[in-house]
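Reading the structure
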Amino acid sequence: MASFWMIALFLALAGIGVPMCAAMGVGAFVGLLLIDVPLDTLPRYMLHDVRSVPLLAIPFFILAGNLMNAFGLTRRIFEFLQTLVGFIRAGLAQVSVLSSVVFAGISGSALADIAGLGAMQINAMRKAGYRPEFASALVIAASLLAPIIPPSIMFIIYAVLMNVSVGHLFVAGILPGLLIAGVLLANNWIIAVRGLEPMPAVRRSSWPEIRRSFWRSLPALLTPVVILRSMITGLVTPTEASVLAVLYALLLGLLYREITWERLWEACVSSARTTTMIMFLTGVGSALAFVITHEQVAEALAAGMGGVSDSKWVILALVVVALLVMGAFVETVPAMLIAIPMFGPLVVKFGIDPVHFGVVLTYALLLGIVTPPVGLGLFAVCALTRLRIEAVIAASMKFYPAFLVILLVLMFVPALSTWLPGVVFAKP
């Protein structure tokens, strides 16, 4: 019962506008009171997980993404892709997806993708004749790539709480990320062919223009390759790769002569704010997990669901439905911190690979940023564009079939998430 009242209090406080960090902290405090454990359990668990070495990667990956934005590197990536494929039908829509693929390999955060690329993508599409509502919806849909394609902040949190390898999760996200990008590209093409949205092509660039744009953007385009290659080859750990990403971004800032003290300071301050929020939520989430584990909630769920079906696919489907509902009402990171201790041990009991479940859980909760009533992605693009949220939600409906296809494939084709880590990390 303590877990029920703890989560209910958290949701009630969040629902009346209490800041998420405070709502989760109060819920954890009350949960510990109800199970009658020493109150120093809260700071002890917070310190224990926040001091975890893999979590050190979070502030550095956030800083790397902010530096790439501050130094104009994301602009160069977008401009090159625009000259390369912008002239085809639905070209700028495809450029938005492809640029999000590249930036996903740098930031690891959906909201960072919207903040970094969103305004640029939406402005370019509006000038070309796209409806701003559709452009905004596409930016949100493409931002879902960021926490799936490595590096991923959500994967790092999941790995710490589920005690699995960050490197395995990073590699596991590569093929699902390419799947998401491919489905979104196909969805854009179908919308254009069926005339559901005006998608005019822009002027075809000449080969000299494409060549010049390529060489200007090449160092920025190589950033995800540098990060991922260094991890897969064992040259660095994921935590060390995050530091490497920051150093590479600083090097490119110097190379492009776009680095200034003002931009550097703004990137550091923004990164510090985001990191503080994530670390605090992660620490409080550890206390929530302690209460949930202490009350054996996962075991109770396993017993209850075992009475419904002994098929792991049915169990996974039920869990995913619960995650979709949770993601629609709770911000992604807090929802993850609640869902992992509840459902992680449960799915493992039914024989579901924890790496596979990490990818499914992350994507299912991510859909919450494009789903009302919380829909942080919806609010983020509306803040950028001054559009009515109802109009953006209506435009987002054109992407829901694609979201469903992606989710079903991720759920029922586990090899998509587990095959590549098995190959890369196979013992000789």
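We now turn to the structure provided with this report. Keep in mind it's a predicted model, so treat the numbers as computed, not measured. (Residues numbered from 1 in each chain as written. Predicted model: local features only at pLDDT ≥ 70, side-chain atom pairs only at ≥ 80, totals over all residues. Heavy atoms only, no water.)

**A look at the nonpolar core**
Counting 156 residues, the largest nonpolar core has Phe357 and Tyr363 as the members making the most contacts within it. Excluding residues that lie within four positions of it along the chain, Phe357 makes contacts with Tyr158, Leu316, Val319, Leu323, Phe343, Gly344, Val347 and Ile352. (Core = buried A, V, L, I, M, F, W, Y, C linked by side-chain atoms within 4.5 Å. Buried < 20%, exposed > 50% of the residue type's maximum accessible area, 1.4 Å probe, protein only. Contact = heavy atoms within 4.5 Å.)

**Things to note about helix H20 (residues 376–385)**
Owing to its 3.6 residues per turn, the α-helix brings residues three or four apart onto one side. Where H20 is concerned, the buried positions are Gly377, Leu378, Val381, Cys382 and Thr385. Along the axis of H20, the buried positions cluster into a sector of 130°, meaning they face one direction only. Of the surrounding secondary structure, the elements contacted by the buried residues of H20 are helix H7 (110–128), helix H8 (132–143) and helix H21 (389–396). In the stretch just after H20, Arg386 is the one whose phi turns positive, near 65°. (Helix = DSSP H or I, 4+ residues; strand = E, 2+ residues; numbered from the N terminus. Arc of directions from axis to C-beta.)

**Considerations on the packing of aromatic side chains**
Under the criterion given, the structure shown has six aromatic pairs. Geometrically, the ring pair formed by Phe61 and Phe170 is edge-to-face, given 6.3 Å between the ring centres and 65° between the ring planes. Taken together, the positions of Phe61 in helix H4 (residues 57–70) and Phe170 in helix H10 (residues 166–172) put the pair 109 residues apart, joining distant regions of the chain. Considered together, Phe61 and Phe170 belong to a single accessibility category, that of buried residues. Pairing Phe214 with Trp215 gives two aromatic rings, centres 5.2 Å apart and planes at 65°, and the pair type is edge-to-face. Through pairs of rings, three or more aromatic residues link up here, namely Phe80, Phe214 and Trp215. A cation sits over an aromatic face here: Arg76 above Tyr256, 3.9 Å from the ring centre. (Phe/Tyr/Trp six-rings, centres within 6.5 Å; stacked < 30°, edge-to-face > 60°. Lys NZ or Arg CZ within 6 Å of the ring centre and 35° of its normal.)

**Observations concerning the pattern of salt bridges**
In a structure, side chains of opposite charge can pair up when their charged atoms sit close to one another. Using the criterion set out here, one finds eight salt bridges in the structure. A salt bridge links Arg131 to Glu133, with the nearest nitrogen and oxygen atoms 3.5 Å apart. Close ionic contact of Arg388 with Glu390 constitutes a salt bridge, the shortest N to O distance being 3.7 Å. Relative accessible area serves as the criterion here: at 47%, Glu390 is assigned to the partly exposed category. Through salt bridges with shared partners, a single network forms among Arg75, Arg76, Glu79, Glu258 and Arg263. (Salt bridge = Lys/Arg side-chain N within 4 Å of Asp/Glu carboxyl O.)

**What to know about the packing of helix H13 (residues 223–232) against helix H14 (residues 238–255)**
Running from N to C, H13 and H14 point in directions that differ by 150°, and their axes come no closer than 10 Å. Taken as axis vectors, H13 and H14 run roughly antiparallel relative to one another. H14 is crossed by H13, and the crossing has right-handed handedness. Of H14, the residues touching H13 (which contributes Thr223, Val226, Ile227, Ser230 and Met231) are Pro238, Ala241, Leu244, Ala245, Tyr248 and Leu252. (Axes fitted to C-alpha atoms, helices over the stretch in contact; angles between N-to-C directions. Parallel < 35°, antiparallel > 145°, perpendicular 65-115°, else oblique. Left-handed = near helix turned anticlockwise from the far one by under 90°.)

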